[in-house]
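Topology and contacts: notes
Residue strings, one per chain:
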Amino acid sequence: MRKIVWTSLLVVCAVVCLQGCKGDEKLTMATAAEFPPFEYKEGSAFKGIDVEIAEEIARRLGKDLEIQDMEFDSVVSAVSSKNADFGASGLTINETRSKVVDFSTPYYNANQVVIINESDSELKAIGSDAAALVKAINAREGIKIGVQTGTTGAFYAQGDKDWGFDGFAKAEVKGFVNGSLAVSALVNGQVDIVIIDEAPARLISQNYANTEVLSAYLTEERYGIAVKKGNKELLDSINGVLEAMKTEGVLDKIIKKYY
């Protein structure tokens, strides 16, 4: 009970502070709306887990939400350059991004997975053994890997020292604007496997016959909401709302709605 009361007070204080300290009644969210179930569009309407979380944050802070749709690798820079108040786009919290933006408390645990053609019997037989999967991919000379540009999957496949990823030295990594295009390339024989986040991987794979998401997890990640470096006022307000949403079961309800 004491925790709930404290959380409620925190949210109230956040609302008063934002409304009292700033005249602007709008919160601008940067996102890349091609990443279901976290953000996507139905016609002109924005949908998804991150969208509903952002709407709830804006509502509880007494603000109107404005969504700016852009390519994924522009989201962090939009926030750091003050072109958006915050970024919510399935953003993995890591040291590299944390140098230019501040992250909220995590609201979702995510993993990188591999999508294959069902005919790939060798990789299909590996199951949940991530080490064996990485070894098998490394053993294939000239393997073509599809990724969504700017995502953790892309950094994982290409290799990135700051992220601590070795990459696949023998692979040709092909970047796509979104995961769906990467899986389409898999079906059409342009790439041999696709590496993307688990949640969109499972949704996208359902739309492409004869593809399969392997059960091995290549990484374990946490998603956070990004704000401009040093914007403690907004960060504290968002953290207060996220904590209240967790306590009340609202966050869990939103996530389960899309699974």
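Residues numbered from 1 in each chain as written. Predicted model: local features only at pLDDT ≥ 70, side-chain atom pairs only at ≥ 80, totals over all residues. Heavy atoms only, no water.

Another point: the overall build of the protein. Helix and strand counts for the protein come out as 11 helices and 14 strands. In terms of overall dimensions, the protein is globule-like: its C-alpha atoms have a radius of gyration of 19 Å, near the 18 Å expected for 259 residues. Along the first, second and third principal axes, the C-alpha set of the protein runs to 60 × 35 × 35 Å. A total of 259 residues make up the protein; the buried ones form 49% of that total. A separation of at least 24 residues holds for 75% of the contacts in the protein among residues at least 6 apart in sequence. Summed over its atoms, the accessible surface of the protein is roughly 12,100 Å², and 50% of this surface lies on carbon and sulfur atoms. (Helix = DSSP H or I, 4+ residues; strand = E, 2+ residues; numbered from the N terminus. Rg over C-alpha atoms; globule rule 2.2 N^0.38 Å. Buried < 20%, exposed > 50% of the residue type's maximum accessible area, 1.4 Å probe, protein only. Contact = heavy atoms within 4.5 Å. Areas by Shrake-Rupley, 256 points an atom, 1.4 Å probe, with all protein chains shown as cover.)

Moving on: the sheet that holds strand β12 (residues 211–213). Spatially, the five strands line up as an open sheet ordered β10-β9-β11-β8-β12, and their pairing is mixed. Either end of the sheet is taken by a strand with one partner, and the two such strands are β10 (172–176) and β12. Within this sheet the neighbouring strands show an average axis-to-axis angle of 25°, counted without direction. Two strands pair when backbone bridges link them, and strand β9 (residues 144–148) and strand β11 (residues 193–197) are joined in this way by two bridges, in the parallel orientation. The residue bridging glycine 146 from the neighbouring strand is valine 194, located in β11. Most of the contacts of helix α9 (residues 198–206) go to β11, to which it runs at about 130°, and overall it touches β8 (112–117), β11 and β12. (Pairing = 2+ DSSP bridges. Axes fitted to C-alpha atoms, helices over the stretch in contact; angles between N-to-C directions.)

The next subject is the pattern of salt bridges. Across all of its chains, the model carries 13 salt bridges by this definition. For glutamate 56, the salt bridge goes to arginine 59, with nearest N and O atoms at 2.7 Å. Within this pair, glutamate 56 and its partner arginine 59 are both found in helix α2 (residues 49–60), separated by three residues, close to a single helical turn. In this structure glutamate 56 comes out as buried when scored by relative accessible area, which is 14%. Arginine 59 gets classed as exposed once you look at its relative accessible area, which sits at 56%. Connected through shared salt-bridge partners, Glu56, Arg59, Arg60 and Glu248 make up one network. (Salt bridge = Lys/Arg side-chain N within 4 Å of Asp/Glu carboxyl O.)

With respect to the element layout, aspartate 102 can be found in strand β6 (residues 101–103). Distance from aspartate 102 to alanine 226, taken between C-alpha atoms, is 5.6 Å for residues 124 residues apart in sequence. With near-sequence residues (within four places) excluded, aspartate 102 lies in contact with Ile225, Ala226, Val227, Lys228, Lys229, Gly230, Asn231 and Leu235. Engagement of the side chain of aspartate 102 in a polar contact is seen with the side chain of lysine 229, the distance being 3.1 Å. (Polar contact = N/O pair within 3.5 Å; in protein donor to acceptor, adjacent residues only side chain to side chain.)

It is worth spelling out the sheet that holds strand β5 (residues 86–87) at this point. Across the sheet, which stays open at both edges, the five strands sit in the order β4-β1-β5-β14-β6 with mixed pairing between neighbours. What marks the edges here is a single partner per strand, and that holds for β4 (64–69) and β6. Alignment of β6 against strand β14 (residues 226–228), held across three bridges, turns out to be antiparallel. From the neighbouring strand, valine 101 faces β14, where its bridge partner is lysine 228.

With that settled, consider the nonpolar core. Within the largest apolar cluster, 32 residues are counted, with the highest numbers of intra-cluster contacts made by Ile53, Ile57, Phe86, Tyr107, Tyr108, Ile225 and Ile238. Elements with a minimum of two residues in this core: β1 (26–31), α2, β7 (108–110), α10 (232–248) and α11 (250–257). Residue contacts for isoleucine 57: discarding those within four places in its chain leaves Leu27, Ile225, Ile238 and Val241. Among the nonpolar cores identified, the runner-up in size contains 21 residues, and Leu123, Ile126, Ala157 and Ile193 belong to it. (Core = buried A, V, L, I, M, F, W, Y, C linked by side-chain atoms within 4.5 Å.)

Here α10 crosses α11 at 75°, and the two axes come no closer than 4 Å. Considered as vectors, α10 and α11 are oriented roughly perpendicular to each other. The segment α10 lies against α11, with Met245, Lys246 and Glu248 engaging Val250, Leu251 and Ile254. Here the contact of α10 with α11 is built from residues that sort into four nonpolar, no polar and two charged. (Parallel < 35°, antiparallel > 145°, perpendicular 65-115°, else oblique. Nonpolar A, V, L, I, M, F, W, Y, C, P; charged D, E, K, R; others polar.)

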